[in-house]
Amino acid sequence: MKHELPKLNIEYDDLEPYIDKETMEVHYTKHHQAYVDKLNAALEGHEDLKNIKISDLLRDLNKIPEDIRNAIKNNGGGHWNHSFFWLLLKKNGADPVGEISEAIKNKFRTFDNFKEEFTNAALTRFGSGWAWLVMNNGELEIMGTANQDCPLSEGKIPILTLDVWEHSYYIKYLWNRAEYIKNWWKVVNWEKINENYKKAIKYFDKEGISKKLRI
Ligand code: MN
């Protein structure tokens, strides 16, 4: 099996003016494509790994032979993280809906508090990386990862993410990551995030012990 770019469920210009058409096109067709190509190249000659889902490879990096482990972490992570990220973007995003809305209020008191904490994680991620809302032992948690590292590798379940690599905002926002983050909130797909949340809570029992994870 060769890994491929997933189909986007939005048009490149759907997120204008918050995320511009050119950034979407370059980000998807150049950056994401490069992760897919390098992932396929790294897996050449490793027939046993080719049919394993990327999420499963990332969950257990230690099982990957050392000579390609970093390549899989970086390019498999790049492929998975971007595939996950695209689904969380939508034209005319709105405020949180459904169960995730309640869960955010329970954990962070208000949506504004949550927004502030998540924004802070995105702003303070030094260099390239991602901000995340994850489920960790049955609890919502905000975290950041460097480079293309994925929370799956730490046994956490991603619910929401924001790409803060410069390539995700530099064409329109130049150095101004803060403005990019502020505008990104307007194109967040909370219906999809709510689905991610409902899927994630199914995998934790009352004691917060994770069962078999499947994303
Ligand atoms: Mn990116």
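Residues numbered from 1 in each chain as written. Predicted model: local features only at pLDDT ≥ 70, side-chain atom pairs only at ≥ 80, totals over all residues. Heavy atoms only, no water.

S.K.: Tell me about unusual backbone geometry, and name the residues and values.
M.R.: A cis amide bond links Glu16 to the next residue, Pro17, at an omega of 0 degrees. Structurally, Pro17 is set in the segment before α1 (21–43). One non-glycine residue with positive phi stands out, namely Asn137, at about 50 degrees. For Asn137, the location among the structural elements is in the loop between β1 (129–136) and β2 (139–146). (Helix = DSSP H or I, 4+ residues; strand = E, 2+ residues; numbered from the N terminus.)

S.K.: Let's hear about the environment of His82: which residues, and what values?
M.R.: Locating His82 in the fold gives a position in helix α4 (residues 66–86). Apart from residues lying up to four places away in sequence, His82 is in contact with His27, His32, Tyr35, Trp130, Gln148, Asp163 and His167. From its side chain, His82 meets the backbone oxygen of Gly78 in a polar contact 2.7 Å long. (Contact = heavy atoms within 4.5 Å. Polar contact = N/O pair within 3.5 Å; in protein donor to acceptor, adjacent residues only side chain to side chain.)

S.K.: How would you sum up the pairing of β1? Please name residues and give values.
M.R.: Two faces make up the sheet, and in a regular strand the side chains alternate between them. Burial runs high along β1: seven of the eight residues are buried. Across eight bridges, β1 lies against β2 in antiparallel orientation. Along β2, the bridge assignment pairs Asn136 with Glu139. In textbook terms, the turn of a hairpin is the stretch between consecutive antiparallel strands, and for β1 and β2 this stretch comprises two residues, one of which, Asn137, has a positive phi near 50 degrees. (Buried < 20%, exposed > 50% of the residue type's maximum accessible area, 1.4 Å probe, protein only. Pairing = 2+ DSSP bridges.)

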